[in-house]
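A closer look at the structure
What follows is each chain in one-letter form.
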Amino acid sequence: MIEITDLRKSFGNLEVLKGITTTISEGEKVVVVGPSGSGKSTFLRCLNCMEDPTSGSIIFDGVDITDMKVDINIHRRRMGMVFQQFNLFNNKTVLGNIMLAPLHVKLTDFRRKKLKNAFIRISNLFARDKKPLYEINANRQQIKEEVRENALRLLKRIGLEDKADAYPSTLSGGQKQRIAIIRALAMNPKVILFDEPTSALDPEMVGEVLDLIRQLAEEGMTMVIVTHEMGFAREVATRVLFMDDGQILEENAPAEFFSNPQNPRAKEFLSKVL
C-alpha cells in the first residue's frame, strides 16, 4: 500500500530523516517507537506530505505522492491523520468538526461534476459524437444529510452522540481524541496515521482512546502509530519499527522485538522503558 524508499528530510542544515526505506502493507498495524528526537513524528508527517520530504519517494496506491505534479489533497482523503493535540476547531460543534472535511469534499465533487456537465452539454450542441454526462445521484441537501447521518453514526459508535452540539472546549482530553479519531474515519480512509495519540492525555483518559484504536485494529484498518505506550505496541502491532537518529535501526514482529531485540541501541532503549 505504501512503499517508502530512501526518505530524507532536512530542516536547514539539520538532517532529521536519513534514508528510510520500508513498506506498509494493507491491513498492517505498524508501530513506530524510539527515543524523543529520533525523527518518528517527522517520518509520520512526511507520509502524507504534511512535511515535504527533501528526497526519496513515497508510493501510495501506485502513485508517488512526493511528485510536485500530484494533487496531494486527493490522496490525503484516503490517509487519515490523528494528532497529539487533537486539532479540533473550537469555533465549531463536535458534529461540525466531524462533518467539515467530508462535506467539503463531497460538495466540491458535486460542483465540479455540474460544471463539467454544463461544458459537455454546450460541446454536444456542435459535436457529432455526443459525450455522456457525469452521473449525479444527489443534490446539495441530500449530500449534507448523508454526511450528517454518517457523523452521528460515528458519534454513537463511541458513545458520544449526546455531545453532537457541544463545543470542544467543554470536553475532556479523552473525548476530544476519540472525536479526532472518528473525524478521520468520516473520510473513509485506507490508512490512518497516529502521532502519539495519548501523549497529551491524563493517565486515566489513555485507556478509552487506546480501546478505540484496538477496535479499529481488530476491524482490519491499516495503521501507522507513533507511540510511547510499549504495552499497547506489543499488543496491537503486527510490526514494530525502532527509530533513532533519523534511521530505522530495527524492524520486527512485536514478540521478537520486545523479547529479543537485535540492535544494541534498541536493547538500551527497551531496558529503560520496560
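A brief report on the enclosed structure follows.

Along the protein chain, the regular secondary structure elements total 9 helices and 10 strands. Seen through its C-alpha atoms, the protein chain measures out along the principal axes to roughly 75 × 45 × 35 Å. Residues classed as buried in the protein chain amount to 47% of the 274 residues present. The long-range share in the protein chain, meaning contacts at least 24 apart out of those at least 6 apart in sequence, stands at 67%. Accessible surface computed for the protein chain: about 14000 Å², of which carbon and sulfur atoms make up 48%. For the protein chain, the centre of its 38 positive side-chain charges and the centre of its 36 negative side-chain charges are spaced 9 Å apart.

Hydrogen bonds along the backbone pair up the strands of a sheet, which may run parallel or antiparallel. The strand order across the open sheet built from 6 strands is β6-β7-β8-β3-β9-β10, with neighbouring strands paired in mixed fashion. One side of each edge strand has no neighbouring strand; the edge strands of this open sheet are β6 (79-82) and β10 (247-252). If you compare each strand with its neighbour and ignore which way they point, the axes differ by 20° on average. Its contacts with the sheet place helix α6 (residues 203-218) against β3 (29-33), β7 (191-195) and β8 (222-226), and it is angled at close to 145° to β8.

Moving on, we get to a positive patch on the surface. Taken together, Arg111, Lys114, Arg121, Arg140 and Lys144 make up a surface patch of like positive charges. Elements with a contribution of two residues or more to the positive patch: α3 (94-124) and α4 (140-157). When residues in the positive patch are grouped by element, the largest group, 3 residues, is from α3. Within the secondary structure layout, Lys144 lies in helix α4.

On to a nonpolar patch on the surface, then. Among the surface-exposed residues, Ile122, Leu125 and Phe126 lie close enough to one another that they form a single nonpolar patch of about 400 Å² accessible area. Tracing the chain through its elements places Leu125 in the loop between α3 and α4.

Within the element layout of this structure, Asn117 appears in helix α3. Overall, the relative accessible area of 4% leaves Asn117 in the buried class.

Let us now look at the pairing of strand β1 (residues 2-11). In this structure, β1 lies alongside strand β2 (residues 14-24), joined through 8 bridges in antiparallel fashion. Paired with Ile4 across the strands is Thr22, a residue of β2. The loop that links β1 with its antiparallel partner β2 comprises 2 residues; one of these, Gly12, has a positive phi angle of about 65°. Where β1 lies against strand β4 (residues 55-60), 5 bridges are found, and the strand directions are antiparallel. Within β4, the residue paired with Glu3 across the bridge is Ile59.

Definitions and cut-offs
Residues numbered from 1 in each chain as written. Predicted model: local features only at pLDDT ≥ 70, side-chain atom pairs only at ≥ 80, totals over all residues. Heavy atoms only, no water. Helix = DSSP H or I, 4+ residues; strand = E, 2+ residues; numbered from the N terminus. Buried < 20%, exposed > 50% of the residue type's maximum accessible area, 1.4 Å probe, protein only. Contact = heavy atoms within 4.5 Å. Areas by Shrake-Rupley, 256 points an atom, 1.4 Å probe, with all protein chains shown as cover. Lys, Arg positive; Asp, Glu negative; His and termini not counted. Charge placed at Lys NZ, Arg CZ, Asp CG, Glu CD. Pairing = 2+ DSSP bridges. Axes fitted to C-alpha atoms, helices over the stretch in contact; angles between N-to-C directions. Patch = residues over 30% accessible without salt bridge, like charges linked within 9 Å, V, L, I, M, F, W, Y side chains within 5 Å. Salt bridge = Lys/Arg side-chain N within 4 Å of Asp/Glu carboxyl O.

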